Amino acid sequence: MTVRTRFAPSPTGYLHVGGARTALFSWLYARKHGGKFVLRIEDTDLERSTTESVNAILEGMTWLGLEYDEGPFYQTHRFDRYNEVIDQFLEAGKAYRCNCPKERLDKLREEQMANKQKPRYDGHCRGQHVAPDEPHVIRFINPQEGTVVFEDMVRGKVAFQNSELDDLIIRRTDGSPTYNLTVVIDDLDMQITHVIRGDDHLNNTPRQINILKAMGAEPPRYGHVPMILGDDGARLSKRHGAVSVMQYHHEGYLPEALLNYLVRLGWSHGDQEIFSIDEMVELFDIEDVNKAPSAFNTEKLLWLNQHYIKSDDPARVARLLSPHMGELGVDPAEPPELKDVVAMQADRAKSLLDLAVLCAVFYKDEIEYSEKGAKKNLKTAVVEPLNKVKEKIAALEDWSQENLHAIIHGTAEELDLKMGKVGMPLRFAITGGIASGDLDHTLYLTGKEACIKRIDRALEYIQQQG
RNA sequence: GUCCCGUUCAUCUAGAGGCCUAGGAUAUCGCCCUUUCACGGCGAGUACAGGGGUUCGACUCCCCUACGGGACGCCA
């Protein structure tokens, strides 16, 4: 039997990190077992479903690289099939029409709550004859005795009393089928073998198993993964900041960093923190996922992002960085080569946004000084060393890091100054205070012409300050 | 309210009855490296929710309590 998993979001918003993690687990499970990963769009809620949301979800999956093998399938295209099953149920006496007015249902619920009972439909219309042409819903006849037991891949054995369940609606008054019915039919028709989903669905599982049994089918295996909480331990929501996967894209996160972070949330493999996609596929096991919800921690995500920024191929990082450079108004196509700048600057960036700022100075005509930095670094005392370095640079024919290194150190020696007295103002003159790598490396990438220009400008600035 | 589920450092986690003086990672702090900022290296503090059992022995098994989350919809 080939493994078939699925991701089945409802298109009522963007792809959020919780959904992304569930999708990742599902995808990993399929990949690990050489199976198929199916994407299904659960859009039976006509009111709230939008194509923008579908696109947003697709976009998020693509960015993360969670490619699906089949789909996307839309539930709205499958109404005939759902109705077929509902009609069969009706014929076989496994479902019935119900015309209980809302008022009756509300009252029932209130009474049950007052009696400290779980609110549930009382089966009032079970024996009644409701004519097909009057407004009605269809309810599934749920067994009222016995227990539904299943072995969940993450929770272990889970049992629900049938007496806790009621006759749920499977077709609305407007004729549209409802969630618990459609998932069951789809998972069956799409031959899903392993249903990996958020644990907010745990309570739906016994109902779905009962429907499946009524169809004479065997239930798939289930794995309910705990949800993700915000930093404060409360359910993740917009007030926690970025929740949408694409938001992370825009904020300069690498997809592999988010993936790595997400896979470690609720799952681990010994002491290992860094996982390539291949390692995830090889090592991940849904059975090892924790049962408890975990809190999303941006600090750790940031650490992983930095890790990938500094250890990925600089050429690749440069490609991802380019658009962000453009946003800062510089053109990274000009020399120096962006990948060289990235190679030098990557260590100090936690995001591509940071990195863009760090790299932009190498492409600007005019750099800005921070007031505090200028006050500290550009004093009359530094005029002499700056001038000297400038002269030597101007005379330098072979533009190499080694020669620049020699110039800087030579100047310090000649003037009998400590390295810092030469290096600090020089670095400030060249970068305007932006952190960068070795001074000679920084000068080298900045280029001869720009170096001279920037030193001149610093000297001018000092003169103006008097 | 009822049902279901969960609970190890601030956070993510290791732990399958003796390996635990509870390990790793992030964050924090300190030291080292260093022409800056980082990176890197080394080090520090911080946790088994509480109470009862079972056992020679419990973070690990059982029960109760507390706390947290989920579900209870003509949403998915």
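Every chain is numbered independently, its residues counted from 1 as its sequence is written. The order in which chains are written sets their letters, starting at A; the order in which ligands are written sets their numbers, starting at 1. Where local features are concerned, this predicted model is filtered to residues with pLDDT of at least 70; where side-chain atom pairs are given and counted, the filter is 80 or more; whole-chain, interface and lining totals use all residues. Side-chain measures here rest on the full set of heavy atoms in the structure, leaving out hydrogens and waters.

Asker: So what exactly am I meant to see when it comes to the pattern of salt bridges here?
Answerer: Side chains carrying opposite charge are able to pair once their charged atoms draw close together. Every case where a carboxyl oxygen of Asp or Glu lies within 4 Å of a side-chain nitrogen of Lys or Arg is listed as a salt bridge. Applying the stated criterion to the full structure yields 29 salt bridges. The closest approach of N and O atoms between Glu-256 and Arg-316, which form a salt bridge, is 2.5 Å. On the criterion of sequence distance, the pair formed by Glu-256 in helix 8 (residues 255–263) and Arg-316 in helix 11 (residues 314–327) is long-range, its members being 60 residues apart. Of the charged contacts, one joins Lys-390 and Asp-456 as a salt bridge, the two residues approaching to 2.7 Å between their closest N and O atoms. In this pair, Lys-390 sits in helix 15 (residues 383–395) while Asp-456 sits in helix 19 (residues 448–465), placing the two residues 66 residues apart along the sequence. Members of the salt-bridge network, linked through shared partners, are Arg-6, Arg-40, Glu-42, Arg-78, Arg-81, Glu-84, Asp-186, Asp-187 and Asp-189. In this text, helices come from DSSP runs of H or I with a minimum length of four residues, and strands from runs of E with a minimum of two, each type numbered from the N-terminal end.

Asker: Just to check I follow, could you spell out helix 12 (residues 338–345) for this structure?
Answerer: Within helix 12 the residues assigned to the buried category are Leu-338, Val-341, Val-342, Met-344 and Gln-345. Viewed along the axis of helix 12, the buried residues span an arc of 165°, placing them on a single side of the element. Exposure is judged per residue with a 1.4 Å probe applied to protein chains only, and the accessible area is read against the type maximum: over 50% gives exposed, under 20% gives buried, and values in between give partly exposed. The directions considered for the arc are those from the helix axis to the C-beta atoms.

Asker: I would appreciate a short explanation of the packing of aromatic side chains in the present structure.
Answerer: Any two aromatic rings considered together are summarised by their centre-to-centre distance and by the angle between their planes. Pairing of aromatic rings covers Phe, Tyr and Trp, the last through its six-membered ring, and needs centres within 6.5 Å; plane angles under 30 degrees mean stacked, over 60 mean edge-to-face, and all others mean tilted. Using the criterion set out here, one finds eleven aromatic pairs in the structure. Grouped by ring-pair contacts, the aromatic residues Phe-25, Trp-267, Phe-275 and Phe-284 constitute a single cluster. Between the NZ or CZ atom of Arg-139 and the centre of the ring of Tyr-121, over which it lies, the distance is 3.5 Å. Over a ring means this: the NZ of a Lys or the CZ of an Arg is within 6 Å of the ring centre and within 35 degrees of the ring normal. For the cation-ring pair, Arg-457 lies above Tyr-369, with the distance from its terminal atom to the ring centre recorded as 4.6 Å.

Asker: Sorry if this is basic, but what is going on with the layout of surface pockets here?
Answerer: Over the atoms rolls a probe the size of a water molecule, and its path tells where empty space is left. Here a cavity denotes a set of grid points, spaced 1 Å apart and computed over the protein atoms alone, in which a 1.4 Å probe fits but from which it cannot get out, and a pocket denotes an open set meeting protein on both sides within 12 Å along at least five of seven lines; residues with an atom within 4 Å of a point are reported as lining. Grid points are joined across faces, edges and corners, and a volume is the space filled by probe spheres set on the points. By volume, the largest pocket is sized at about 1,200 Å³. Ser-10, His-16, Asp-200, His-201 and Arg-235 are the residues nearest the centre of the largest pocket, which is lined by 38 residues in total. The set of elements that each furnish at least two residues to the lining of the largest pocket consists of strand 1 (4–7), helix 1 (17–32) and strand 9 (194–198). For this classification, the nonpolar set comprises Ala, Val, Leu, Ile, Met, Phe, Trp, Tyr, Cys and Pro, the charged set comprises Asp, Glu, Lys and Arg, and every other residue, Gly included, is treated as polar. Of the residues in the lining of the largest pocket, the class split is 14 nonpolar, 13 polar and eleven charged. As for the second largest pocket, its lining consists of 13 residues, and the residues nearest its centre are Phe-362, Lys-364, Asp-365, Thr-446 and Ala-450. Residue assignment for the lining of the second largest pocket shows that the elements contributing at least two residues are helix 18 (439–446) and helix 19. The greatest single-element share of the lining of the second largest pocket, amounting to four residues, is contributed by helix 19. For the lining of the second largest pocket, a count of residues per class yields six nonpolar, one polar and six charged.

Asker: Help me out: how do you make sense of the packing of helix 3 (residues 79–91) against helix 5 (residues 179–189) in this one?
Answerer: When two helices pack together, their arrangement is given by the angle between the helix axes and the distance between those axes. Only the stretch in contact is used when fitting a helix axis, every axis being a line fitted to C-alpha atoms; angles between N-to-C directions are given from 0 to 180 degrees. One way to put it is that helix 3 packs onto helix 5 with a least axis distance of 10 Å and a crossing angle of 110°. In terms of orientation, helix 3 and helix 5 fall into the roughly perpendicular class. Along its contact with helix 3, which presents Arg-81, Tyr-82, Val-85, Ile-86 and Phe-89, the element helix 5 presents Leu-181, Thr-182, Ile-185, Asp-186 and Asp-189. Per-class residue counts for the contact of helix 3 with helix 5 are six nonpolar, one polar and three charged. Angle categories: roughly parallel below 35 degrees, roughly antiparallel above 145, roughly perpendicular from 65 to 115, and oblique for all the rest. By the convention used here, residues are in contact when the closest approach between their heavy atoms is within 4.5 Å.

Asker: How do you make sense of the protein's contact with RNA strand B when you look at a structure like this?
Answerer: Contacts to RNA strand B come from 57 residues, most closely from Arg-109, Arg-155, Arg-172, Thr-173 and Gly-266. Any residue with a non-hydrogen atom lying within 4 Å of a molecule or strand is treated as near it. Of all atoms in RNA strand B that approach within 4 Å of the protein, 70% are sugar or phosphate atoms. A distance of 3.2 Å separates a phosphate oxygen of RNA strand B from a polar backbone atom of Tyr-179. We call two N or O atoms a polar contact when they sit within 3.5 Å, provided that within protein one can donate a hydrogen and the other can accept it, with sequence-adjacent residues counted only if both atoms are side-chain atoms. At 2.5 Å from a base nitrogen of RNA strand B is found a side-chain nitrogen or oxygen belonging to Arg-348. Of all the secondary-structure elements, those providing two or more residues to the surface near RNA strand B are helix 4 (102–114), strand 12 (294–295), helix 10 (298–311), helix 17 (419–431) and helix 18.

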